[in-house]
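Each chain, written out:
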Amino acid sequence: MNAEAVAQLVQVLEKTTSGDQNDMKGAQAFLESASQTNLPELIRTLSDVLYHGANSAVVRQQAGVQLKNFLYTNDESLRAQYEERWLAMPEDVRLYTKQNVLGTLGTESFRPSAAAQCVQLIAMVELPRGLWPTLLSTLVQNVTNAASTEIMKESTLQAIGYICQDVEPRCMEETANEILTAI
């Protein structure tokens, strides 16, 4: 998306929390239309909005919420479809999105961390398939690095907790000791 489209998306995200039902419905309609037109670009741009600290906390949080909504569903009958949709994304979009959500850890002023939840949801799809081999060691490093801020450690521990809760334990066997050390 170009700068004008990003600015429009920021305005739409602001309206997702509006008290005005028409604003909220319009925002949801825009997001749905954008997802049907070019979901990979929407995913990439939502991760950009989440990542960039110049955006307001509300906009960043809503970008994370919308990103989560495109990554995961509570409807078990659709979950495999969401996973396949993520895996079918161009590799560059998946890599870019993962870099952005990881880079967002420790930069949010709100709790729970939307980035931690996005990391978890991507990990649920990719770790069992061996597609994000550096994730857990990166998270452990965020926690154990003396230069990491308390907010970085807190949001990273949230991500680790979410992953441990929802990802098959066999996917974390190699880094189990590191994870326990970090915790």
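Structure: see above.
Summary of the structure given here. (Residues numbered from 1 in each chain as written. Predicted model: local features only at pLDDT ≥ 70, side-chain atom pairs only at ≥ 80, totals over all residues. Heavy atoms only, no water.)

## Quick word on the overall build of the protein
(1) Moving on: Counting secondary structure elements, the protein contains nine helices and zero strands.
(2) Moving on: Start at the N end of the protein and walk to the C end: the helices and strands fall as α-α-α-α-α-α-α-α-α.
(3) Moving on: Scaling as 2.2 N^0.38, a compact globule of 183 residues should have a C-alpha radius of gyration of about 16 Å, and the protein matches this with 16 Å.
(4) Moving on: On the principal axes, the C-alpha backbone points of the protein span a range of 50 × 35 × 30 Å.
(5) Moving on: Relative to its 183 residues, the protein shows a buried fraction of 45%.
(6) Moving on: Long-range pairs, those at least 24 residues apart, make up 64% of the contacts in the protein with a sequence separation of at least 6.
(7) Moving on: Surface accessibility of the protein: about 9,300 Å² in total, with carbon and sulfur atoms responsible for 50%. (Helix = DSSP H or I, 4+ residues; strand = E, 2+ residues; numbered from the N terminus. Rg over C-alpha atoms; globule rule 2.2 N^0.38 Å. Buried < 20%, exposed > 50% of the residue type's maximum accessible area, 1.4 Å probe, protein only. Contact = heavy atoms within 4.5 Å. Areas by Shrake-Rupley, 256 points an atom, 1.4 Å probe, with all protein chains shown as cover.)

## Topic: the state of the cysteines
(1) Moving on: Under the definition given, this model contains zero disulfides.
(2) Moving on: Cys118 carries a free sulfur, and the closest cysteine sulfur to it, the one in Cys164, is 18 Å from it. (Disulfide = S-S within 2.5 Å.)

That's the geometry; what it means functionally is another story.
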